[in-house]
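Listed below, chain by chain, are the residues.
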Amino acid sequence: MIDNSTPSLILVGPMGAGKSTLGRHLSQILERPFYDSDRVIEEKTGADIPWIFDVEGESGFRRREHEAIDELTAMPGIVLATGGGVVTTPENLALMHDRGCVVYLWTPVEVQLARTRNDRNRPLLQTADPQAKLEALFAERDPLYRKVAHHVVSTASGNLKKVADDVLACLVSRGQG
C-alpha cells in the first residue's frame, strides 16, 4: 500500500547502467508506478532529448530536467529512473536524497560503452571517441552519484534478477521493502 509516507525509489547512475530497464522491473515487483525522467521531459515538451539538446543546449535541458525532478520526487512511492547527468545540478542532489531512497547503479565504463554503442539517442556520445567521453563523464559524476546515494549496487553482471535482488535488499535494510 502506497501512502504519502512511502518513500520513492530513485535510481541514479551513468548512461548504460540499466536504470530504465531495472526501474520498470522493480516497479512491477514493488507494485509501484514507474517514471523515467527523460521520458517525462519528452512528453512535456513534445520533443526528444537530442532535439532539446540541439535547440536549447545542455543548459536548457538541465533546466527542464530540474523541473521534472522537483515534480517527480514530490510524488510518494514511485520508482524513478533518472538521466545520467541529473547529478550535475546541485539542487537535484538535495531533492533526490531528501525525498527518496537513492540507489547508485555503478557500472564500469567498458560495460557502459558496450550497452550504448549503437544508441543514437544519447547526445553526449555523438563524438569521435565515445569511450573517452564516458571516461570523462565517469570521473566527473561518480563522486556525485556516491554523494547522493543511500546505497551503491553494481550492474556490471548484467543479471537483471541479481541486480533487482540487490536493490530490494537495500530497501529492506532501510525498512522500506
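What comes next concerns the included structure.

Conventions we followed
- The written sequence of each chain sets the order in which its residues are numbered from 1.
- Local features in this predicted model are restricted to residues of pLDDT 70 or higher, and side-chain atom pairs are both shown and tallied only at a pLDDT of 80 or more, whereas totals for entire chains, interfaces and linings draw on every residue.
- Just so you know, side-chain values use all the structure's heavy atoms and leave hydrogens and water out.
- Per the convention used, a helix needs a DSSP run of H or I reaching at least four residues, while a strand needs a run of E reaching at least two, with both numbered from the N terminus.
- Exposed residues in this analysis have more than 50% of their type's maximum accessible area, buried residues have under 20%, and partly exposed residues fall in between, with area computed by a 1.4 Å probe over protein chains only.
- Throughout, a contact is declared for two residues whenever any of their heavy atoms are within 4.5 Å.
- Strand pairing follows a simple DSSP-based rule, namely that at least 2 bridges must link the two strands.
- Orientation is described by lines fitted to C-alpha atoms, with helices fitted over the stretch in contact, and by angles between N-to-C directions that extend from 0 to 180 degrees.
- Under the rule applied, a polar contact is a pair of N or O atoms within 3.5 Å (in protein, one hydrogen donor and one hydrogen acceptor; residues adjacent in sequence only if both atoms are side-chain atoms).
- Roughly parallel here means an angle under 35 degrees, roughly antiparallel means over 145, roughly perpendicular means 65 to 115, and every remaining angle is called oblique.
- Handedness of a helix crossing follows the sense of rotation of the near helix relative to the far helix, less than a right angle counterclockwise being left-handed and clockwise being right-handed.
- Just so you know the grouping, Ala, Val, Leu, Ile, Met, Phe, Trp, Tyr, Cys and Pro go in nonpolar, Asp, Glu, Lys and Arg go in charged, and all remaining residues, Gly too, go in polar.

By the secondary structure assignment, Val148 is in helix α6 (residues 130-148). A relative accessible area of 2% places Val148 in the buried class. Between the alpha carbons of Val148 and Tyr104 there is a distance of 8.2 Å; along the sequence they are 44 residues apart. If near-sequence neighbours (up to four positions away) are discounted, Val148 is found in contact with Val12, Val87, Leu93, Met96, His97 and Val102.

Let's shift gears to the environment of Leu72. Mapped onto the elements of the fold, Leu72 is located in helix α3 (residues 49-73). For Leu72, a relative accessible area of 2% puts it in the buried group. Each C-alpha atom, one on Leu72 and one on Ser8, is 9.3 Å from the other, the two residues being 64 residues apart in sequence. Each residue touching Leu72, except ones within four places of it in the same chain, is listed here: Tyr35, Ser37, Val40, Ile78 and Leu80.

A few words on the environment of Ser157. Summarising the element assignment, Ser157 is placed in the loop between β5 (151-154) and α7 (160-173). Given the relative accessible area of 48%, Ser157 is considered partly exposed. Distance in space between the C-alpha atoms of Ser157 and Thr107 is 9.1 Å, their sequence separation being 50 residues. When residues no more than four places from it in sequence are discounted, the contact partners of Ser157 are Lys162 and Val163.

Taken in spatial order, the 5 strands of this open sheet run β2-β3-β1-β4-β5, and their pairing is parallel. Of all the strands in the sheet, just β2 (34-36) and β5 have a single pairing partner and so form its edges. The mean inter-strand angle of the sheet, taken between neighbouring strand axes irrespective of direction, is 25 degrees. Judged from the 3 bridges that link them, β2 and strand β3 (residues 79-81) form a sheet pairing that is parallel. Across the sheet, the residue bridging to Phe34 is Val79, located in β3.

Note on placement: Glu42 falls in helix α2 (residues 37-45). Judged by relative accessible area, Glu42 falls into the buried class, the value being 17%. Polar side-chain contacts of Glu42 include one of 3.1 Å to the backbone nitrogen of Ile49.

Among the secondary structure elements, Thr89 is positioned in the loop between β3 and α4 (90-99). Contact partners of Thr89, with chain neighbours within four places excluded, come to Arg62 and His66.

Close contact between helix α5 (residues 109-116) and α6 brings their axes to 10 Å; oriented N to C, the two are set at 130 degrees. Accordingly, the angle class assigned to the pair α5 and α6 is oblique. Note on packing geometry: the crossing formed by α5 with α6 is right-handed. Contact residues: Val109, Gln112, Leu113 and Thr116 in α5; Pro130, Gln131, Leu134, Glu135 and Phe138 in α6. Taken together, the residues of the contact of α5 with α6 sort by class into 5 nonpolar, 3 polar and 1 charged.

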